[in-house]
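Architecture at a glance
Below, each chain spelled out in residue letters.
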Amino acid sequence: MIKAIKGTKDIFQPEIFNWNVLENLILETFLNYNYSEIRTPIFEETALFARSIGEATDIVGKEMYTFTDKGGTSLTLKPEMTASVMRAVLEHSLHKKQPLNKFFYISPMFRQERPQAGRLRQFHQFGAEAIGSNDPYLDAEMIMLPYIILASLGLTNFKIKINTLGSPKEREQYKLVLRNYLQPKLNDLSEESRKRFETNILRIFDSKDARDIEIMKDAPKIEDYISDADREHFEKVLAVLAVSQLDFEIDHTLVRGLDYYTHTTFEIVSDSVGAQSALCGGGRYNLLSSQLGGPEIPAVGFAAGMERILLAVKNENITLADKNFIDTYVVVTDKEMKNSAYSFTTYLRMEGIRTDMDFLGRSVKAQMREANRLNARYVLFIGEELSENKVILKNMETGEQTEFDLQEELEELIDEIILGDLSDEDIEDEDFPFDDPSLN
Ligand code: HAM
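Let me begin by describing the structure that accompanies this report.

Parameters and conventions
- Residues numbered from 1 in each chain as written.
- Predicted model: local features only at pLDDT ≥ 70, side-chain atom pairs only at ≥ 80, totals over all residues.
- Heavy atoms only, no water.
- Axes fitted to C-alpha atoms, helices over the stretch in contact; angles between N-to-C directions.
- Helix = DSSP H or I, 4+ residues; strand = E, 2+ residues; numbered from the N terminus.
- Parallel < 35°, antiparallel > 145°, perpendicular 65-115°, else oblique.
- Left-handed = near helix turned anticlockwise from the far one by under 90°.
- Contact = heavy atoms within 4.5 Å.
- Nonpolar A, V, L, I, M, F, W, Y, C, P; charged D, E, K, R; others polar.
- Pairing = 2+ DSSP bridges.

1. Digging into the packing of helix 6 (residues 136-152) against helix 10 (residues 228-243)
- With their axes 8 Å apart at the nearest point, helix 6 and helix 10 run at an angle of 50° to one another. Here helix 10 runs oblique to helix 6, going by the angle between their axes. Helix 10 is crossed by helix 6, and the crossing has right-handed handedness. Across the interface between the two elements, Pro-136, Tyr-137, Asp-139, Ala-140 and Ile-143 of helix 6 pack against His-233, Lys-236, Val-237, Val-240 and Leu-241 of helix 10.
- Broken down by class, the residue content of the contact of helix 6 with helix 10 amounts to seven nonpolar, one polar and two charged.

Here's what the structure looks like:
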(Lines give C-alpha, C1' and ligand atoms only; values in the text may rest on other atoms or scores of the structure.)
Protein backbone atom coordinates (compact mmCIF):
# COMPACT_ATOMS: atom_id res chain seq x y z
CA MET A 1 0.00 0.00 0.00
CA ILE A 2 1.25 3.48 -0.84
CA LYS A 3 1.24 5.74 2.21
CA ALA A 4 1.38 9.50 2.72
CA ILE A 5 4.88 11.00 2.82
CA LYS A 6 6.52 11.23 6.25
CA GLY A 7 5.75 14.59 7.85
CA THR A 8 2.52 15.08 5.88
CA LYS A 9 -0.99 14.43 7.14
CA ASP A 10 -4.48 13.62 5.90
CA ILE A 11 -7.04 15.71 7.74
CA PHE A 12 -10.65 14.56 7.90
CA GLN A 13 -13.58 14.40 10.28
CA PRO A 14 -13.85 14.86 13.19
CA GLU A 15 -10.50 16.74 13.21
CA ILE A 16 -11.40 18.77 10.13
CA PHE A 17 -14.32 20.38 12.00
CA ASN A 18 -11.75 22.18 14.20
CA TRP A 19 -9.93 23.34 11.06
CA ASN A 20 -13.22 24.70 9.70
CA VAL A 21 -13.86 26.64 12.90
CA LEU A 22 -10.31 28.03 12.90
CA GLU A 23 -10.47 29.01 9.23
CA ASN A 24 -13.82 30.76 9.67
CA LEU A 25 -12.45 32.66 12.64
CA ILE A 26 -9.36 33.70 10.64
CA LEU A 27 -11.50 34.91 7.74
CA GLU A 28 -13.86 36.82 10.01
CA THR A 29 -11.04 38.44 12.01
CA PHE A 30 -9.02 39.58 9.01
CA LEU A 31 -12.02 40.97 7.16
CA ASN A 32 -12.92 42.81 10.36
CA TYR A 33 -9.46 44.41 10.30
CA ASN A 34 -9.79 45.18 6.57
CA TYR A 35 -7.15 42.74 5.31
CA SER A 36 -7.93 41.06 1.99
CA GLU A 37 -6.82 37.58 1.05
CA ILE A 38 -3.88 36.84 -1.21
CA ARG A 39 -3.16 33.46 -2.80
CA THR A 40 0.20 32.83 -4.40
CA PRO A 41 1.51 29.74 -6.22
CA ILE A 42 2.71 26.76 -4.23
CA PHE A 43 6.15 26.97 -5.87
CA GLU A 44 8.43 29.83 -6.82
CA GLU A 45 11.87 30.33 -8.29
CA THR A 46 14.39 29.13 -5.70
CA ALA A 47 16.25 32.47 -5.90
CA LEU A 48 13.26 34.28 -4.36
CA PHE A 49 13.62 32.43 -1.06
CA ALA A 50 17.43 32.32 -1.11
CA ARG A 51 17.57 36.09 -1.54
CA SER A 52 14.92 37.00 1.02
CA ILE A 53 15.10 34.42 3.81
CA GLY A 54 18.89 34.31 3.48
CA GLU A 55 21.44 31.76 2.27
CA ALA A 56 22.81 31.19 5.78
CA THR A 57 19.46 30.33 7.40
CA ASP A 58 18.29 26.83 8.32
CA ILE A 59 15.33 27.15 5.97
CA VAL A 60 17.39 27.90 2.85
CA GLY A 61 20.43 25.87 3.89
CA LYS A 62 18.72 22.64 4.93
CA GLU A 63 14.97 22.59 4.69
CA MET A 64 13.73 23.60 1.27
CA TYR A 65 12.06 21.22 -1.17
CA THR A 66 13.97 22.26 -4.25
CA PHE A 67 13.84 20.60 -7.66
CA THR A 68 14.73 21.37 -11.22
CA ASP A 69 11.84 21.34 -13.67
CA LYS A 70 12.07 20.02 -17.21
CA GLY A 71 13.01 23.49 -18.45
CA GLY A 72 16.06 23.50 -16.15
CA THR A 73 14.68 26.11 -13.72
CA SER A 74 15.33 25.61 -10.03
CA LEU A 75 11.98 25.71 -8.20
CA THR A 76 11.12 25.49 -4.52
CA LEU A 77 7.90 24.61 -2.71
CA LYS A 78 7.19 27.67 -0.60
CA PRO A 79 8.58 27.38 2.94
CA GLU A 80 6.85 30.63 3.97
CA MET A 81 4.72 33.39 2.43
CA THR A 82 6.39 36.73 3.13
CA ALA A 83 8.77 36.51 0.17
CA SER A 84 5.95 35.43 -2.17
CA VAL A 85 3.64 38.24 -1.03
CA MET A 86 6.36 40.84 -1.53
CA ARG A 87 7.17 39.34 -4.95
CA ALA A 88 3.49 39.59 -5.91
CA VAL A 89 3.23 43.22 -4.72
CA LEU A 90 6.29 44.23 -6.76
CA GLU A 91 5.36 42.16 -9.81
CA HIS A 92 1.87 43.68 -10.01
CA SER A 93 3.02 47.16 -8.88
CA LEU A 94 0.40 47.02 -6.14
CA HIS A 95 2.44 49.53 -4.12
CA LYS A 96 1.88 52.06 -6.90
CA LYS A 97 -1.87 51.45 -7.00
CA GLN A 98 -2.28 52.09 -3.28
CA PRO A 99 0.31 53.10 -0.72
CA LEU A 100 -0.61 50.47 1.85
CA ASN A 101 -1.53 46.89 0.92
CA LYS A 102 -2.86 44.72 3.73
CA PHE A 103 -3.03 41.02 2.92
CA PHE A 104 -3.81 37.85 4.81
CA TYR A 105 -3.37 34.23 3.78
CA ILE A 106 -4.03 30.65 4.76
CA SER A 107 -1.74 28.24 2.95
CA PRO A 108 0.26 25.03 3.14
CA MET A 109 4.04 25.46 3.50
CA PHE A 110 6.87 22.98 3.00
CA ARG A 111 10.02 22.48 5.05
CA GLN A 112 12.08 19.32 5.20
CA GLU A 113 12.52 19.25 8.97
CA ARG A 114 12.65 16.23 11.26
CA PRO A 115 8.97 15.48 11.93
CA GLN A 116 7.75 15.52 15.53
CA ALA A 117 4.71 16.76 17.45
CA GLY A 118 3.92 20.21 16.04
CA ARG A 119 6.57 19.95 13.33
CA LEU A 120 5.60 18.72 9.89
CA ARG A 121 7.05 18.81 6.42
CA GLN A 122 3.80 20.06 4.92
CA PHE A 123 2.18 22.35 7.48
CA HIS A 124 -0.26 25.25 7.30
CA GLN A 125 0.18 28.87 8.19
CA PHE A 126 -2.20 31.75 8.40
CA GLY A 127 -0.67 35.17 8.48
CA ALA A 128 -0.76 38.76 7.37
CA GLU A 129 1.54 41.21 5.64
CA ALA A 130 1.00 45.00 5.71
CA ILE A 131 3.20 46.44 3.00
CA GLY A 132 3.76 50.19 2.65
CA SER A 133 3.85 51.70 6.14
CA ASN A 134 6.39 52.16 8.91
CA ASP A 135 3.71 53.00 11.48
CA PRO A 136 4.42 51.34 14.84
CA TYR A 137 0.65 50.95 15.29
CA LEU A 138 0.84 48.32 12.54
CA ASP A 139 3.64 46.46 14.34
CA ALA A 140 1.30 46.31 17.33
CA GLU A 141 -1.62 45.24 15.11
CA MET A 142 0.44 42.29 13.83
CA ILE A 143 0.75 41.09 17.42
CA MET A 144 -2.86 41.88 18.23
CA LEU A 145 -4.25 39.88 15.29
CA PRO A 146 -2.83 36.47 16.25
CA TYR A 147 -3.49 37.29 19.92
CA ILE A 148 -7.18 37.88 19.20
CA ILE A 149 -7.44 34.65 17.22
CA LEU A 150 -5.71 32.59 19.92
CA ALA A 151 -7.82 34.18 22.66
CA SER A 152 -11.04 33.68 20.66
CA LEU A 153 -10.22 29.98 20.43
CA GLY A 154 -10.13 29.93 24.22
CA LEU A 155 -6.35 29.44 24.51
CA THR A 156 -4.77 30.94 27.62
CA ASN A 157 -1.44 29.20 28.10
CA PHE A 158 0.66 31.41 25.84
CA LYS A 159 3.10 34.30 26.08
CA ILE A 160 3.98 37.15 23.74
CA LYS A 161 7.71 37.80 23.36
CA ILE A 162 8.95 40.90 21.63
CA ASN A 163 12.28 42.42 20.64
CA THR A 164 13.79 44.94 18.26
CA LEU A 165 16.69 44.33 15.90
CA GLY A 166 16.98 47.99 14.96
CA SER A 167 18.19 49.09 11.54
CA PRO A 168 20.73 47.11 9.53
CA LYS A 169 23.47 49.74 9.94
CA GLU A 170 23.43 49.60 13.73
CA ARG A 171 22.91 45.86 13.64
CA GLU A 172 26.14 45.40 11.67
CA GLN A 173 27.96 47.37 14.36
CA TYR A 174 26.32 45.28 17.05
CA LYS A 175 27.39 42.08 15.27
CA LEU A 176 31.01 43.26 15.52
CA VAL A 177 30.60 43.88 19.24
CA LEU A 178 29.10 40.40 19.60
CA ARG A 179 31.99 38.93 17.61
CA ASN A 180 34.51 40.56 19.93
CA TYR A 181 32.63 39.21 22.93
CA LEU A 182 32.45 35.66 21.57
CA GLN A 183 35.89 35.38 19.95
CA PRO A 184 37.74 34.43 23.16
CA LYS A 185 34.96 31.99 24.13
CA LEU A 186 34.76 30.28 20.75
CA ASN A 187 36.14 26.97 21.96
CA ASP A 188 33.46 26.74 24.64
CA LEU A 189 30.60 27.12 22.14
CA SER A 190 28.77 24.17 20.60
CA GLU A 191 29.80 23.06 17.13
CA GLU A 192 26.59 24.48 15.63
CA SER A 193 27.20 27.85 17.27
CA ARG A 194 30.82 27.90 16.12
CA LYS A 195 29.45 27.52 12.59
CA ARG A 196 26.92 30.28 13.19
CA PHE A 197 29.72 32.49 14.49
CA GLU A 198 30.93 32.56 10.89
CA THR A 199 27.67 32.51 8.98
CA ASN A 200 24.87 34.02 11.06
CA ILE A 201 26.16 35.17 14.43
CA LEU A 202 22.84 36.45 15.81
CA ARG A 203 21.34 32.97 15.57
CA ILE A 204 23.64 31.80 18.38
CA PHE A 205 20.95 33.34 20.62
CA ASP A 206 18.59 30.59 19.35
CA SER A 207 20.82 27.75 20.55
CA LYS A 208 19.28 25.26 22.95
CA ASP A 209 22.73 24.06 24.09
CA ALA A 210 23.24 24.73 27.84
CA ARG A 211 26.84 25.95 27.38
CA ASP A 212 25.80 28.38 24.65
CA ILE A 213 22.91 29.69 26.74
CA GLU A 214 25.28 30.33 29.66
CA ILE A 215 27.70 32.25 27.45
CA MET A 216 24.96 34.25 25.72
CA LYS A 217 23.45 35.31 29.05
CA ASP A 218 26.18 37.90 29.51
CA ALA A 219 26.45 38.86 25.84
CA PRO A 220 26.05 42.56 24.93
CA LYS A 221 22.41 43.43 24.20
CA ILE A 222 21.24 44.74 20.87
CA GLU A 223 19.04 47.36 22.52
CA ASP A 224 22.18 49.19 23.65
CA TYR A 225 23.27 49.63 20.04
CA ILE A 226 20.11 50.70 18.20
CA SER A 227 19.51 54.31 17.12
CA ASP A 228 17.30 56.73 19.04
CA ALA A 229 14.73 56.69 16.22
CA ASP A 230 14.57 52.88 16.33
CA ARG A 231 14.25 52.92 20.11
CA GLU A 232 11.41 55.41 19.84
CA HIS A 233 9.68 53.19 17.28
CA PHE A 234 10.00 50.18 19.59
CA GLU A 235 8.74 52.09 22.60
CA LYS A 236 5.71 53.23 20.63
CA VAL A 237 4.94 49.61 19.70
CA LEU A 238 5.15 48.62 23.37
CA ALA A 239 2.97 51.56 24.39
CA VAL A 240 0.26 50.65 21.88
CA LEU A 241 0.32 47.04 23.13
CA ALA A 242 0.08 48.23 26.72
CA VAL A 243 -2.91 50.44 25.92
CA SER A 244 -4.51 47.43 24.25
CA GLN A 245 -3.92 45.57 27.53
CA LEU A 246 -1.81 42.84 25.98
CA ASP A 247 0.66 41.13 28.28
CA PHE A 248 4.06 40.80 26.70
CA GLU A 249 7.63 40.15 27.67
CA ILE A 250 10.67 41.83 26.12
CA ASP A 251 13.19 39.17 25.08
CA HIS A 252 16.48 40.55 23.80
CA THR A 253 17.50 37.15 22.47
CA LEU A 254 14.60 36.95 20.02
CA VAL A 255 16.45 37.20 16.70
CA ARG A 256 14.22 34.92 14.55
CA GLY A 257 15.46 32.46 11.96
CA LEU A 258 14.91 34.52 8.80
CA ASP A 259 17.30 37.22 7.60
CA TYR A 260 14.82 39.81 6.35
CA TYR A 261 13.85 41.26 9.72
CA THR A 262 14.55 44.82 10.80
CA HIS A 263 13.22 46.55 13.94
CA THR A 264 10.37 44.77 15.73
CA THR A 265 10.40 40.97 16.01
CA PHE A 266 7.99 38.88 18.05
CA GLU A 267 6.80 35.36 18.78
CA ILE A 268 3.88 33.88 20.64
CA VAL A 269 4.95 30.75 22.49
CA SER A 270 2.78 28.20 24.23
CA ASP A 271 3.45 25.85 27.11
CA SER A 272 0.78 23.48 25.79
CA VAL A 273 2.52 22.03 22.74
CA GLY A 274 5.87 20.59 23.84
CA ALA A 275 9.24 21.39 22.29
CA GLN A 276 7.90 23.16 19.20
CA SER A 277 6.44 25.95 21.27
CA ALA A 278 6.24 28.86 18.80
CA LEU A 279 2.63 29.28 17.70
CA CYS A 280 3.39 32.39 15.74
CA GLY A 281 6.27 34.61 14.68
CA GLY A 282 6.75 37.80 12.77
CA GLY A 283 8.14 41.26 12.62
CA ARG A 284 9.10 44.19 10.47
CA TYR A 285 11.04 43.69 7.24
CA ASN A 286 11.71 47.15 5.83
CA LEU A 287 14.47 46.07 3.46
CA LEU A 288 12.91 43.04 1.80
CA SER A 289 11.45 45.01 -1.09
CA SER A 290 14.81 46.55 -2.01
CA GLN A 291 16.55 43.18 -1.56
CA LEU A 292 14.19 41.86 -4.23
CA GLY A 293 14.97 44.72 -6.61
CA GLY A 294 12.02 46.97 -5.67
CA PRO A 295 12.01 50.40 -4.05
CA GLU A 296 12.33 50.74 -0.28
CA ILE A 297 8.91 49.81 1.10
CA PRO A 298 8.45 49.42 4.85
CA ALA A 299 6.48 46.32 5.80
CA VAL A 300 5.47 44.21 8.77
CA GLY A 301 3.77 40.83 9.15
CA PHE A 302 3.37 37.57 11.01
CA ALA A 303 2.58 33.92 10.37
CA ALA A 304 1.10 31.32 12.72
CA GLY A 305 1.29 27.53 12.53
CA MET A 306 -2.20 26.05 12.35
CA GLU A 307 -1.23 22.50 13.36
CA ARG A 308 0.48 23.85 16.47
CA ILE A 309 -2.49 26.02 17.38
CA LEU A 310 -4.88 23.09 17.02
CA LEU A 311 -2.51 20.95 19.09
CA ALA A 312 -2.64 23.61 21.82
CA VAL A 313 -6.45 23.61 21.53
CA LYS A 314 -6.46 19.85 22.05
CA ASN A 315 -3.98 19.91 24.92
CA GLU A 316 -5.92 22.68 26.67
CA ASN A 317 -9.07 20.51 26.39
CA ILE A 318 -10.99 23.09 24.39
CA THR A 319 -14.00 21.96 22.38
CA LEU A 320 -14.08 24.04 19.22
CA ALA A 321 -16.56 22.44 16.91
CA ASP A 322 -20.08 21.50 18.00
CA LYS A 323 -20.80 17.82 17.76
CA ASN A 324 -21.57 17.39 14.09
CA PHE A 325 -25.30 17.35 13.44
CA ILE A 326 -27.78 17.70 10.63
CA ASP A 327 -31.14 19.42 10.87
CA THR A 328 -33.22 16.84 9.09
CA TYR A 329 -32.84 13.24 8.06
CA VAL A 330 -35.43 12.22 5.48
CA VAL A 331 -36.59 8.66 6.16
CA VAL A 332 -38.29 6.85 3.30
CA THR A 333 -40.91 4.51 4.72
CA ASP A 334 -42.24 3.44 1.34
CA LYS A 335 -39.57 2.75 -1.28
CA GLU A 336 -42.00 3.88 -4.04
CA MET A 337 -41.66 7.38 -2.60
CA LYS A 338 -37.89 7.67 -3.05
CA ASN A 339 -38.25 10.21 -5.89
CA SER A 340 -40.37 12.46 -3.70
CA ALA A 341 -38.02 11.95 -0.76
CA TYR A 342 -35.09 13.04 -2.89
CA SER A 343 -37.00 16.10 -4.20
CA PHE A 344 -37.92 16.97 -0.64
CA THR A 345 -34.32 16.58 0.53
CA THR A 346 -33.19 18.91 -2.24
CA TYR A 347 -35.93 21.41 -1.38
CA LEU A 348 -34.92 21.49 2.31
CA ARG A 349 -31.27 21.94 1.38
CA MET A 350 -32.23 24.89 -0.83
CA GLU A 351 -34.02 26.37 2.16
CA GLY A 352 -30.65 26.29 3.96
CA ILE A 353 -31.63 23.33 6.14
CA ARG A 354 -28.84 20.75 6.57
CA THR A 355 -30.45 17.62 5.26
CA ASP A 356 -29.52 14.09 4.23
CA MET A 357 -31.28 10.86 3.31
CA ASP A 358 -30.48 7.22 2.74
CA PHE A 359 -28.55 6.14 -0.34
CA LEU A 360 -27.93 2.56 0.70
CA GLY A 361 -31.45 1.12 0.39
CA ARG A 362 -31.67 0.67 4.16
CA SER A 363 -34.69 -0.44 6.19
CA VAL A 364 -36.70 2.15 8.13
CA LYS A 365 -35.08 0.93 11.33
CA ALA A 366 -31.59 1.30 9.86
CA GLN A 367 -32.48 4.75 8.51
CA MET A 368 -33.53 5.79 12.03
CA ARG A 369 -30.25 4.47 13.38
CA GLU A 370 -28.43 6.59 10.81
CA ALA A 371 -30.51 9.64 11.80
CA ASN A 372 -29.37 9.11 15.38
CA ARG A 373 -25.76 8.61 14.38
CA LEU A 374 -25.88 11.92 12.51
CA ASN A 375 -27.48 13.66 15.50
CA ALA A 376 -30.42 14.72 13.33
CA ARG A 377 -32.61 17.28 15.08
CA TYR A 378 -35.62 16.13 13.04
CA VAL A 379 -36.65 13.14 11.01
CA LEU A 380 -39.04 13.70 8.15
CA PHE A 381 -40.96 10.57 7.17
CA ILE A 382 -41.91 10.27 3.53
CA GLY A 383 -44.31 7.40 2.97
CA GLU A 384 -47.71 6.48 1.69
CA GLU A 385 -49.37 9.45 3.47
CA LEU A 386 -47.69 11.59 0.80
CA SER A 387 -50.45 10.46 -1.59
CA GLU A 388 -52.69 12.67 0.58
CA ASN A 389 -50.06 15.41 0.59
CA LYS A 390 -49.06 14.67 4.17
CA VAL A 391 -45.66 14.20 5.78
CA ILE A 392 -44.75 13.45 9.37
CA LEU A 393 -42.02 15.29 11.23
CA LYS A 394 -40.42 13.90 14.35
CA ASN A 395 -38.56 16.11 16.79
CA MET A 396 -35.72 13.79 17.80
CA GLU A 397 -35.10 15.56 21.07
CA THR A 398 -38.64 15.48 22.44
CA GLY A 399 -39.87 12.52 20.41
CA GLU A 400 -42.90 14.59 19.38
CA GLN A 401 -44.38 13.91 15.97
CA THR A 402 -46.41 16.30 13.89
CA GLU A 403 -48.28 15.77 10.67
CA PHE A 404 -48.09 18.55 8.12
CA ASP A 405 -50.29 19.12 5.13
CA LEU A 406 -47.88 20.12 2.37
CA GLN A 407 -50.45 22.18 0.52
CA GLU A 408 -51.48 24.24 3.52
CA GLU A 409 -48.69 23.97 6.04
CA LEU A 410 -45.39 23.83 4.17
CA GLU A 411 -44.29 27.13 5.69
CA GLU A 412 -45.06 25.90 9.20
CA LEU A 413 -43.04 22.76 8.51
CA ILE A 414 -40.01 24.79 7.45
CA ASP A 415 -40.45 27.13 10.44
CA GLU A 416 -40.60 24.19 12.78
CA ILE A 417 -37.33 22.79 11.47
CA ILE A 418 -35.57 26.14 11.43
CA LEU A 419 -36.94 27.50 14.68
CA GLY A 420 -37.71 24.30 16.50
CA ASP A 421 -41.06 25.89 17.23
CA LEU A 422 -43.90 23.40 17.41
CA SER A 423 -46.59 25.18 15.50
CA ASP A 424 -49.17 22.55 14.73
CA GLU A 425 -51.20 19.90 16.49
CA ASP A 426 -49.20 16.95 17.76
CA ILE A 427 -50.01 13.51 16.57
CA GLU A 428 -50.82 11.06 19.31
CA ASP A 429 -48.00 8.57 19.63
CA GLU A 430 -50.26 5.55 19.10
CA ASP A 431 -51.55 7.01 15.82
CA PHE A 432 -48.16 6.85 14.30
CA PRO A 433 -46.94 3.57 12.87
CA PHE A 434 -43.20 4.31 13.04
CA ASP A 435 -42.98 5.40 16.62
CA ASP A 436 -41.36 2.28 17.91
CA PRO A 437 -38.93 3.25 20.72
CA SER A 438 -36.56 0.48 19.60
CA LEU A 439 -35.99 2.50 16.44
CA ASN A 440 -34.23 5.26 18.39
P1 HAM B 1 8.37 31.23 10.99
O2 HAM B 1 8.73 31.56 12.40
O3 HAM B 1 9.37 30.51 10.19
O4 HAM B 1 8.03 32.62 10.30
O5 HAM B 1 7.00 30.42 10.95
C6 HAM B 1 5.85 30.92 11.56
C7 HAM B 1 5.12 29.80 12.30
O8 HAM B 1 4.88 28.70 11.43
C9 HAM B 1 5.89 29.19 13.46
O10 HAM B 1 5.77 29.98 14.63
C11 HAM B 1 5.22 27.84 13.60
O12 HAM B 1 4.03 27.96 14.37
C13 HAM B 1 4.86 27.50 12.18
N14 HAM B 1 5.82 26.53 11.63
C15 HAM B 1 7.04 26.78 11.12
N16 HAM B 1 7.63 25.62 10.70
C17 HAM B 1 6.75 24.63 10.98
C18 HAM B 1 6.76 23.20 10.78
N19 HAM B 1 7.79 22.57 10.21
N20 HAM B 1 5.68 22.48 11.19
C21 HAM B 1 4.61 23.10 11.76
N22 HAM B 1 4.55 24.45 11.95
C23 HAM B 1 5.61 25.20 11.57
C24 HAM B 1 7.65 32.76 9.00
O25 HAM B 1 7.33 31.85 8.27
C26 HAM B 1 7.56 34.21 8.56
N27 HAM B 1 7.15 34.22 7.14
C28 HAM B 1 6.59 34.99 9.41
C29 HAM B 1 6.42 36.41 8.97
C30 HAM B 1 5.43 36.89 8.20
N31 HAM B 1 7.25 37.40 9.22
C32 HAM B 1 6.80 38.48 8.64
N33 HAM B 1 5.69 38.20 8.00
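What follows continues from the structure just given.
2. A word on the packing of helix 1 (residues 15-32) against helix 6
- Taken N-terminus to C-terminus, the directions of helix 1 and helix 6 make an angle of 140°; their axes are 10 Å apart at the nearest point. Between helix 1 and helix 6, the angle falls in the class oblique. As helix 1 packs across helix 6, the resulting crossing turns out to be right-handed. On helix 6, the residues touching Leu-22, Leu-25, Ile-26, Thr-29 and Phe-30 of helix 1 are Leu-145, Ile-148, Ile-149 and Ser-152.
- Among the residues forming the contact of helix 1 with helix 6, the class breakdown is seven nonpolar, two polar and no charged.

3. Here we look at the sheet that holds strand 2 (residues 43-45)
- Strand order across the open sheet formed by three strands is 2-4-3, with antiparallel pairing between neighbours. Strand pairing shows two members of the sheet lacking a second neighbour, strand 2 and strand 3 (66-68), which therefore form its edges. Averaged over all neighbouring strand pairs, the angle between strand axes comes to 35°, with direction disregarded.
- Note that strand 3 and strand 4 (residues 74-77) share three bridges and pair antiparallel. By the bridge assignment for strand 4, Thr-66 is matched with Thr-76.
- Most of the contacts of helix 2 (residues 46-53) go to strand 2, to which it runs at about 75°, and overall it touches strand 2, strand 3 and strand 4.

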